[in-house]
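Observations on chain architecture
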Amino acid sequence: MPLIKRLLFQVAGRKYYRMAAAKKQTYDFLFVHEDGGQLDRIGRLFDRENPLETSIDTVFAFDEINDALNKVKQGKSKGKTIISVKA
């Protein structure tokens, strides 16, 4: 990626890096586009020995959306907060 784009992403993500550091966490941003070479490299990063891990904190029903938003707003979510929408 060109230097100017990398610098722009660093500036844009600075807030998130600081917020993560305050909680002794890390913030990682992965920029991917439909490039076969990039997708191959990503595939090698997350293989069977190093799977991509997800962290789901809570799953809320759609009618509990205000509770979900409040939890995230208060910073109490320790992973992804999911809203389940069923037809």
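Look up: the structure comes first, before these words.
Residues numbered from 1 in each chain as written. Predicted model: local features only at pLDDT ≥ 70, side-chain atom pairs only at ≥ 80, totals over all residues. Heavy atoms only, no water.

Considerations on the overall build of the protein chain
- From N to C terminus, the protein chain includes 3 helices and 2 strands.
- Counting from the amino terminus, helix and strand elements in the protein chain follow one another as α-α-β-α-β.
- For 87 residues, the compact-globule estimate of 2.2 N^0.38 gives 12 Å, and the C-alpha radius of gyration of the protein chain, at 17 Å, exceeds that figure by more than 25%.
- Projected onto its principal axes, the C-alpha positions of the protein chain cover 45 × 30 × 25 Å.
- Across the protein chain, contacts joining residues at least 24 apart in sequence account for 18% of those joining residues at least 6 apart.
- Summing over all exposed atoms, the protein chain offers an accessible surface of approximately 8000 Å²; the carbon and sulfur share of this is 56%.
- Side chains of the protein chain give 16 positive and 11 negative charges; the mean places of these two sets differ by 10 Å. (Helix = DSSP H or I, 4+ residues; strand = E, 2+ residues; numbered from the N terminus. Rg over C-alpha atoms; globule rule 2.2 N^0.38 Å. Contact = heavy atoms within 4.5 Å. Areas by Shrake-Rupley, 256 points an atom, 1.4 Å probe, with all protein chains shown as cover. Lys, Arg positive; Asp, Glu negative; His and termini not counted. Charge placed at Lys NZ, Arg CZ, Asp CG, Glu CD.)

Brief notes about the pairing of strand E1 (residues 56-61)
- Strand direction decides the pairing type here: E1 and strand E2 (residues 80-84), joined by 5 bridges, are parallel. Looking across to E2, one finds that alanine 61 is bridged to serine 84.
- Each parallel crossover has a hand, and the one from E1 via helix H3 (residues 65-73) to E2 is right-handed. (Pairing = 2+ DSSP bridges. Right-handed = clockwise from strand over helix to strand, strands pointing away.)

Observations concerning the layout of surface pockets
- Looking at the largest pocket, its volume works out to about 940 Å³.
- Listed by contribution, the elements that provide at least two residues to the lining of the largest pocket are helix H1 (3-22) and E2.
- It is H1 that provides the largest number of residues to the lining of the largest pocket, a total of 3 residues. (1 Å grid on protein atoms, 1.4 Å probe; cavity = no way out; pocket = protein on both sides within 12 Å on 5 of 7 lines; lining within 4 Å. Points joined across faces, edges and corners; volume = space filled by probe spheres on them.)

Brief notes about the environment of isoleucine 56
- Topologically, isoleucine 56 is positioned in strand E1.
- Isoleucine 56 sits 25 residues away from threonine 81 along the chain, and the two C-alpha atoms are 6.3 Å apart.
- Among all residues touching isoleucine 56, those that are not within four sequence positions of it are Lys80 and Ile82.

Notes on a nonpolar patch on the surface
- A grouping of Leu3, Ile4, Leu7 and Leu8 is seen on the molecular surface, where their side chains present a nonpolar patch of about 400 Å² in accessible area.
- Assignment of secondary structure puts leucine 8 in helix H1.
- Relative accessible area serves as the criterion here: at 55%, leucine 8 is assigned to the exposed category. (Patch = residues over 30% accessible without salt bridge, like charges linked within 9 Å, V, L, I, M, F, W, Y side chains within 5 Å. Salt bridge = Lys/Arg side-chain N within 4 Å of Asp/Glu carboxyl O. Buried < 20%, exposed > 50% of the residue type's maximum accessible area, 1.4 Å probe, protein only.)

Quick word on H1
- Along its 20 residues, H1 runs 27 Å from first to last C-alpha, staying within 8% of the 28 Å computed at 1.5 Å per residue.
- At the exit of H1 stands lysine 24, carrying a positive phi of roughly 55°. (Expected span 1.5 Å × (residues − 1).)

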